[in-house]
Structure formats: C-alpha cells, structure tokens
Amino acid sequence: MKIAPSILAADLADLASAVKLCEDGGAQLIHVDVMDGHFVPNLTFGPPVIADLARRTRVGFDIHLMVSNPEALLDRYLDSGPAWLSIHHEVTEEPGRLAARIRERGAGAGVAINPATPLDELLPYLEHLDFVVLMSVVPGFAGQAFHPEVLEKARRLRALVDERELPVSIEMDGGIKPGNLNEVAAAGVDVAVVGSGVFAADRPVETLVALRRQAGE
Ligand code: DX5
Ligand code: ZN
C-alpha cells in the first residue's frame, strides 16, 4: 500500500515546504484537497495555487475535488497536470462523462464517496474509473476521527475489483494513523491518504518514511 500525504494538514502559509517534505519522505503521490465552501464548509486551494505548487516537484498530485460543480471546474484543475483527480459521486449526474474527460486530459480518473454513500451507487460505472476514494471521515477538515465501518466497504470493493479483474485502485481518505494503518492495508486499500498523521507529527519526514515502511510501500 502507498501513502499519499495530504497537504491540507500542513502549515498552509508554507505549502512549498509541505511539498518538499512529501518528496523528502519518498511520497509517490501528494494528496491535494480542494474545497469550495459549498459542498463542504471549508475553502482551500484554487487552480493557480496548485499549478505553482506542481512546478516545485516531480511527485504527482492526487487532486481531490470536494466541490458542488465539478463539471465547471474540472478543466482548470486538470491544467496543472495532476497524476490523479477525483470528483464526488454525490454531486454529479454524469460521472462516466467526467471520468472520460479526466482521462482524456492525461490523469487517472477517480470518484470519491462519503461514508454515508452506499458502495452500490458507483458499481454501475466502476469500469470507467482508475480509482475509487472511500472517505473514512465526513469531508471538510483534516484531523477528524476515522469511521471504522468504512473498512467493510473496502473489503467488499476489493473483492469485486479482484473478481471482475478491473484495473481500479482503492484509496481511503481520512483519519488514518499508525494505529489503524494495518487494518486499512488488510482491507485491501492500495493508497492511504494521511494528513495530520504526517504533518502534526514532531518529525514529519521521518514519520512519513515510517508510515511508508509500515504500509509495505
Ligand atoms: C478531508 C480530506 C482529507 C484530509 C485527511 O476532507 O479529504 O484528505 O486532508 O486528513 P487527516 O488524515 O488528518 O484526516
Ligand atoms: Zn482528501
């Protein structure tokens, strides 16, 4: 399993250092939380901020769009050339078309679901995705407590993906710490997003290295 550090939990006045820290800790993917103050109560990074940050590193970005209108914003976030980009199932009528657009622009296409959203809702279009994000907190803020019931969703999705031999990765996002990392990996998750577990630690680079080792990355 890979660890994708989430820069939402970093010192937001020093994002360039946050990206450098991810790189120094060997991250293969950097998770970037985009919040619009509407789909979620918090408000974060616009496309120009992400584009400037992306120029500071060769590590791929995993942009997580927590916005009500992904149709309107998608292309501007794709301009920064992310490795992966996810939109939320809860706010789109046409996930298949948006996923196709993401892929057309050269990124891996993902759909995220909130803890309360049933997995069954995305199964009809699963084969059009490169990854699924299982939210293990209600999106909006870093530093919230993990919802353990989401592990069952991961186990079910793992079984389905394996059975259908789909090239779909499973990402889990929210509340992941050293104490629950093994359970997350055992549930079949491919990418664990870790925000405060890295950035609130006393020694973030060493912590990221240790988490990656624990995850067998
Ligand atoms: C929550 C975000 C998460 C968050 C993770 O809305 O989508 O990516 O940054 O942070 P922690 O690991 O602190 O829960
Ligand atoms: Zn996220």
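Quick note: structure is the one above.
Heads up: these notes are all about the structure in this document.

## Section: the packing of aromatic side chains
- Within the structure shown, the criterion is met by one aromatic pair.
- Pairing Trp84 with Phe131 gives two aromatic rings, centres 4.1 Å apart and planes at 20°, and the pair type is stacked. In this pair, Trp84 sits in strand β4 (residues 84–88) while Phe131 sits in strand β6 (residues 131–135), placing the two residues 47 residues apart along the sequence.
- By relative accessible area, Trp84 is classed as buried at 17%.
- Judged by relative accessible area, which is 0%, Phe131 ranks as buried.

## Some words on unusual backbone geometry
- Positive phi, close to 50°, is recorded for Glu165, a residue that is not glycine.
- When its relative accessible area of 70% is taken as the criterion, Glu165 is described as exposed.

## A word on the pairing of β4
- Taken across its five residues, β4 has five buried, putting it largely inside the fold.
- In this structure, strand β3 (residues 60–66) lies alongside β4, joined through three bridges in parallel fashion. By the bridge assignment, His64 is partnered in β4 with Ser86.
- Relative to strand β5 (residues 108–113), β4 is paired through five bridges, and the arrangement is parallel. The residue of β5 that forms the bridge with His88 is Ala112.
- As for the winding sense of the linkage, the β-α-β connection from β4 through helix α4 (residues 95–104) to β5 is right-handed.

Criteria and cut-off values
- Residues numbered from 1 in each chain as written.
- Chains lettered and ligands numbered in written order.
- Predicted model: local features only at pLDDT ≥ 70, side-chain atom pairs only at ≥ 80, totals over all residues.
- Heavy atoms only, no water.
- Phe/Tyr/Trp six-rings, centres within 6.5 Å; stacked < 30°, edge-to-face > 60°.
- Helix = DSSP H or I, 4+ residues; strand = E, 2+ residues; numbered from the N terminus.
- Buried < 20%, exposed > 50% of the residue type's maximum accessible area, 1.4 Å probe, protein only.
- Pairing = 2+ DSSP bridges.
- Right-handed = clockwise from strand over helix to strand, strands pointing away.

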